[in-house]
Amino acid sequence: MNRHLLVLISAIALAARAPLGAIDLSHANSEHDYEHQHEKMQQYTCLMHPDVITDHPGNCPKCGMKLVPLKEKKRRTSNIERPTPTARATETHESHTAHASHEMHEMQMEMHSTVDLADPMSREGSGTSWLPDSSPMYGRMFMFGENMLMLHGAIFPRYTNVSTRRGDDRIDAPNWFMGMYSHPLWDNAQFGSRLMMSLDPLTEQGRGYPLLFQTGESWNGEPLHDRQHPHDLFDELSFSLSQKFEHDLSAYVYFGYPGEPALGPPAFMHRPSAMDDPDAPIGHHWQDSTHITFGVATGGLQWRDIKIEGSIFTGREPDEDRYDFDRPRFDSYSGRLSSNPTRNLALQVSYGYIKSPEELHPETNIHRTTASAIYNLPLGHDTNWSNTFVWGQNNATEEGKTQSFLIESDYQRGRDTVYVRWERVQKSGHELVLKPFDESEIFPVSGYSLGYVSDLSHGKGIDIGLGTQFTINDRPDSLDRYYGDDLGYAFQFFLRIRPSLHSHAANEHAEHVAGMEK
């Protein structure tokens, strides 16, 4: 009897297990089908252009960079928590979105400065100077395997009119173009190179453009005054080697012929606060005039966000022949301490001894001291506010100490930009090319500029903006005999042509994804 009972119980148990086995098999098939379907849904994207999404591996049609897979994290589900088709689609979309954002973040972190491998590219200013890490980058990037090439620049076709007896009006086009290249070497080492050129010798010619109270350099053996001199055809031809060490330490060497020594803030055309202003500051020969120096050697040591660097360089400014390479002298020196305590702030103090900068007055030497603060604040998608304060002092032979102060601010939102510049500089009668009896006097002169630019083309590779600027210049009454009794002012109408914001395509893609999620 017990034996028959045991057989009966065994039969019931086998019958009971059969449906469970069928359920398990069904679930296994479901999991297999889902994973197989997911494999068919594999997509690829470009780290630099996440709007490029394809079902096949290969290279990005925009920049040539190798496409990477959009991977999602698979989560195993229990029998009770199997995803519905809607849930699967939502999970897949969220995974793709998160992965694309993560990949873009990693790529931004891997965009190194061409000068120092330890720095992000957004920190890179002119020469070896620093901008805030949050600074916008206007340029086009190309990847060739592990090699990076960044192109940027600007041109300002315009009409400008400067009042007073020493004023002038003309049609011209200040401009500059630059390429930056980097190539990884052995572990944690990088080679960098830069080429910067300007067609100023053609568009501005020898006398340069009218700019009230601007001084420096010469033409036809006469010192320039109330005009901004043209830049050389070759403004920078440099290379650098950098090495990252442990404990947040890095070092680099930089050679330029021409190049920029470690003296002063980033040159005005490289500051986001000045990029929309066609004019050079009237105090830039107190602040950043050494950005074109024929013969520079710089060494720098960086720990975290603090950098100390020193340079030996040629003190003589470029000569009147704007197409040649001047003789290197390496007779001057400088030192600079830089700090980026936050992503939005860049600070520097520097000192330099400049031997015989002026060809017409070779006996004059200058001791230059500068300090600056650049504050950049991103305010959302395609909106940015950048500000710069610069103080510079020249202690020149026979002339003594003279001061300069500058404040710039640039607010950009989408297609619209408003900018202002205020500066005050102490200039001698010798600098302003006055009569002999006024040469030794020091005159404080000022400029107040307000400008507006509206982009006709925006975010499509090239930004073309239509702009206008109005400037009021202030001076002591003792200068009326040279400039007249009327108020000094200037106005101009211009086009500002430059590459679009580098991260614009990525931001557009992020906005598109966010819109899909709502």
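These numbers come from a predicted model, not from an experiment.

## Quick notes on the overall build of the protein chain
For step 1, the next point in the chain: Check the secondary structure of the protein chain and you find 5 helices and 24 strands.
For step 2, the next point in the chain: Long-range pairs, those at least 24 residues apart, make up 62% of the contacts in the protein chain with a sequence separation of at least 6.
For step 3, the next point in the chain: Of the roughly 24600 Å² that the protein chain leaves accessible, carbon and sulfur atoms contribute 60%.

## Overview of the pattern of salt bridges
For step 1, the next point in the chain: All chains considered together, the criterion is met by 23 salt bridges.
For step 2, the next point in the chain: Across the pair Asp172 and Arg158 runs a salt bridge whose closest N-O atoms are separated by 2.8 Å. Here the residue Asp172 occupies a position in strand β7 (residues 169–172), and Arg158 occupies one in strand β6 (residues 158–162), the gap between them amounting to 14 residues. Note on accessibility: Asp172 and Arg158 belong to one class, buried.
For step 3, the next point in the chain: A salt bridge links Asp279 to Arg158, with the shortest nitrogen-to-oxygen separation between them at 2.8 Å. One end of the pair, Asp279, is in the loop between β13 (249–256) and β14 (296–303); the other, Arg158, is in strand β6, with 121 residues separating them in the sequence.
For step 4, the next point in the chain: Classification of Asp279 as buried rests on a relative accessible area of 8%.

## Some points on the nonpolar core
Grouped burial of nonpolar side chains is what soluble globular proteins tend to show.
For step 1, the next point in the chain: Judged by nonpolar contacts, the single largest core of 36 residues is most densely connected at Met121, Met141, Phe213, Leu432, Leu479 and Tyr483.
For step 2, the next point in the chain: Where this core is concerned, the elements lending two or more residues are β4 (140–144), β5 (147–155), β8 (175–184), β10 (209–219), β21 (416–428), β22 (442–457), α4 (480–483) and β24 (488–499).
For step 3, the next point in the chain: The leading source of residues in this core is β10, at 4 residues.
For step 4, the next point in the chain: Sequence-distant contacts of Phe213, that is, excluding residues within four places in its chain, are made with Asp226, Ile282, Lys427, Leu432, Val445, Ser446, Asn473, Asp474, Arg475 and Tyr483.
For step 5, the next point in the chain: Residues Val115, Tyr254, Val296 and Ile354 belong to the second largest nonpolar core, which totals 9 residues.

## Quick notes on the pairing of strand β23 (residues 462–474)
In summary, the side chains of a regular strand alternate between the two faces of the sheet.
For step 1, the next point in the chain: Covered by surrounding structure in β23 are Asp463, Gly465, Gly467, Gln469, Thr471 and Asn473 only, the residues Ile462, Ile464, Leu466, Thr468, Phe470, Ile472 and Asp474 on the alternate face being uncovered.
For step 2, the next point in the chain: The antiparallel hairpin formed by β22 and β23 contains 4 residues in its connecting segment, where Gly459 sits at a positive phi of about 75 degrees.

## Overview of the packing of aromatic side chains
Any pair of aromatic rings gets described here by the distance separating the centres and the angle formed by the planes.
For step 1, the next point in the chain: Counted under the stated rule, the structure contains 12 aromatic pairs.
For step 2, the next point in the chain: Ring plane angle 55 degrees and centroid distance 6.5 Å describe the contact between Tyr159 and Phe491, whose orientation is recorded as tilted. Of the two residues, Tyr159 sits in strand β6 while Phe491 sits in strand β24, which places them 332 residues apart along the sequence.
For step 3, the next point in the chain: Given a relative accessible area of 28%, Phe491 falls into the partly exposed group.
For step 4, the next point in the chain: An aromatic cluster is built from Phe234, Tyr257, Phe294 and Phe325, whose rings are joined through pairwise contacts.

Thresholds applied
Every chain is numbered independently, its residues counted from 1 as its sequence is written. Selection of residues for local features in this predicted model requires a pLDDT of at least 70, selection of side-chain atom pairs for listing and counting requires 80 or more, and totals for whole chains, interfaces and linings are taken over all residues. Side-chain numbers here rest on the full set of heavy atoms in the structure, without hydrogens or water. Starting at the N terminus, helices and strands are each numbered in turn, a helix being any DSSP run of H or I of at least four residues and a strand any DSSP run of E of at least two. We call two residues in contact when some of their heavy atoms are within 4.5 Å. Each accessible area value is a Shrake-Rupley result obtained with a 1.4 Å probe; residue values ignore everything except the protein chains displayed when judging cover. Salt-bridge detection follows one rule: a side-chain nitrogen of Lys or Arg within 4 Å of a carboxyl oxygen of Asp or Glu. Only protein chains enter the calculation, and the probe is 1.4 Å; a residue is then buried if its accessible area is under 20% of its type maximum, exposed if over 50%, and partly exposed in between. Throughout, nonpolar core names a set of buried Ala, Val, Leu, Ile, Met, Phe, Trp, Tyr and Cys residues whose side chains join them through atoms within 4.5 Å. DSSP-based pairing: two strands are paired if at least 2 bridges between them are found. Here a Phe, Tyr or Trp ring, Trp counted by its six-membered ring, pairs with any other such ring whose centre lies within 6.5 Å, and the pair is stacked when the planes are under 30 degrees apart, edge-to-face when over 60, and tilted otherwise.

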